[in-house]
Amino acid sequence: MDREHSFAPLIDSQSQTLILGSLPGVVSLREQKYYAHNRNTFWRIIYAIYGETLIEDYSLRCEFILSKSLALWDVCGSAKRIGAADIKLTDIIPNDIDGLLKDYPNIRRIVLNGRKAEKEYRRYFSELPIPALYAPSTSPALAALTFDEKLSAWRKALCFGS
């Protein structure tokens, strides 16, 4: 079983909120794009929060993230995975989130995309002094919540009210 590796962080000096997933999924790794699975609701949620129409062009999506003072990365720098589920991640080596926060001191909040990201973040980075808030996974694997329920929770996590 090969190790899977996260992408480089999508971040700039204006980023204030760091959104952390667990590790890119199979489709994202194949396409080399954050949240590439067509049933992952991440991009729909982010665009809906800002009242914007979702666009397909990935490079423009990345520009949009940065224009909203957001950043993307993953808790896991690399891991082994059996199948597609995050629950199957083993032999995790975390990303250097502490180092990233030192390099980008404007980060004031972390949003954890899903329970696996939250679990691994708390395991490796519980001592970091920045607030880290859970948001429900945007993955299609979390089918228990509707899109509107996820959107509401993400609005709260990103401090856009109820």
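The structure displayed is predicted, hence computed values, not measured ones. (Residues numbered from 1 in each chain as written. Predicted model: local features only at pLDDT ≥ 70, side-chain atom pairs only at ≥ 80, totals over all residues. Heavy atoms only, no water.)

(A) Broad picture of the sheet that holds strand β7 (residues 132-135). Read from one edge of the open sheet, four strands run β3-β2-β6-β7, paired in parallel fashion. Edge strands, defined here as strands with exactly one partner in the open sheet, are β3 (70-74) and β7. Adjacent strand axes in the sheet meet at a mean angle of 25° when their direction is disregarded. Pairing of strand β6 (residues 109-113) with β7 involves four bridges; the strand directions are parallel. Bridged to I110 within β7 is A132. Packing against the sheet, helix α2 (residues 42-49) makes contact with β2 (17-21), β3 and β6, and its axis sits at approximately 160° to β3. (Pairing = 2+ DSSP bridges. Helix = DSSP H or I, 4+ residues; strand = E, 2+ residues; numbered from the N terminus. Axes fitted to C-alpha atoms, helices over the stretch in contact; angles between N-to-C directions. Contact = heavy atoms within 4.5 Å.)

(B) Here's a closer look at the packing of aromatic side chains. The tally for this structure, following the rule as stated, stands at 10 aromatic pairs. Centre to centre, the rings of Y35 and F42 are 4.1 Å apart; their planes meet at 20°, and the pair counts as stacked. Residue class for F42 comes out buried when judged on its relative accessible area of 1%. Centre to centre, the rings of W43 and Y58 are 6.2 Å apart; their planes meet at 85°, and the pair counts as edge-to-face. (Phe/Tyr/Trp six-rings, centres within 6.5 Å; stacked < 30°, edge-to-face > 60°. Buried < 20%, exposed > 50% of the residue type's maximum accessible area, 1.4 Å probe, protein only.)

(C) Just the pattern of salt bridges, in detail. For the structure shown, the criterion picks out nine salt bridges. Of the charged contacts in the structure, one is a salt bridge between E120 and K116, with a shortest N-O distance of 3.0 Å. Of this pair, E120 and K116 are both found in helix α5 (residues 115-125), four residues apart, which corresponds to roughly one turn of the helix. On the basis of relative accessible area, E120 is assigned to the buried category, the value being 1%. (Salt bridge = Lys/Arg side-chain N within 4 Å of Asp/Glu carboxyl O.)

(D) Fine view of the pairing of strand β4 (residues 76-81). With respect to burial, β4 is a largely interior element, five of its six residues being buried. Of the strand pairs in this sheet, strand β1 (residues 3-5) and β4 are connected by three bridges, and their pairing is antiparallel. Note that in β4 the partner of H5 across the bridge is S78.

(E) Spatial organisation of the packing of α2 against helix α6 (residues 147-157). Across the interface, α2 lies against α6 with an axial gap of 10 Å and an inter-helix angle of 60°. On the basis of the axis angle, α2 is oblique to α6. Between α2 and α6 lies a crossing whose hand is right-handed. From α2, F42, R44, I45, A48 and I49 reach across to α6, where they touch F147, K150, L151, W154 and R155. Residues belonging to the contact of α2 with α6 are distributed by class as follows: seven nonpolar, no polar and three charged. (Parallel < 35°, antiparallel > 145°, perpendicular 65-115°, else oblique. Left-handed = near helix turned anticlockwise from the far one by under 90°. Nonpolar A, V, L, I, M, F, W, Y, C, P; charged D, E, K, R; others polar.)

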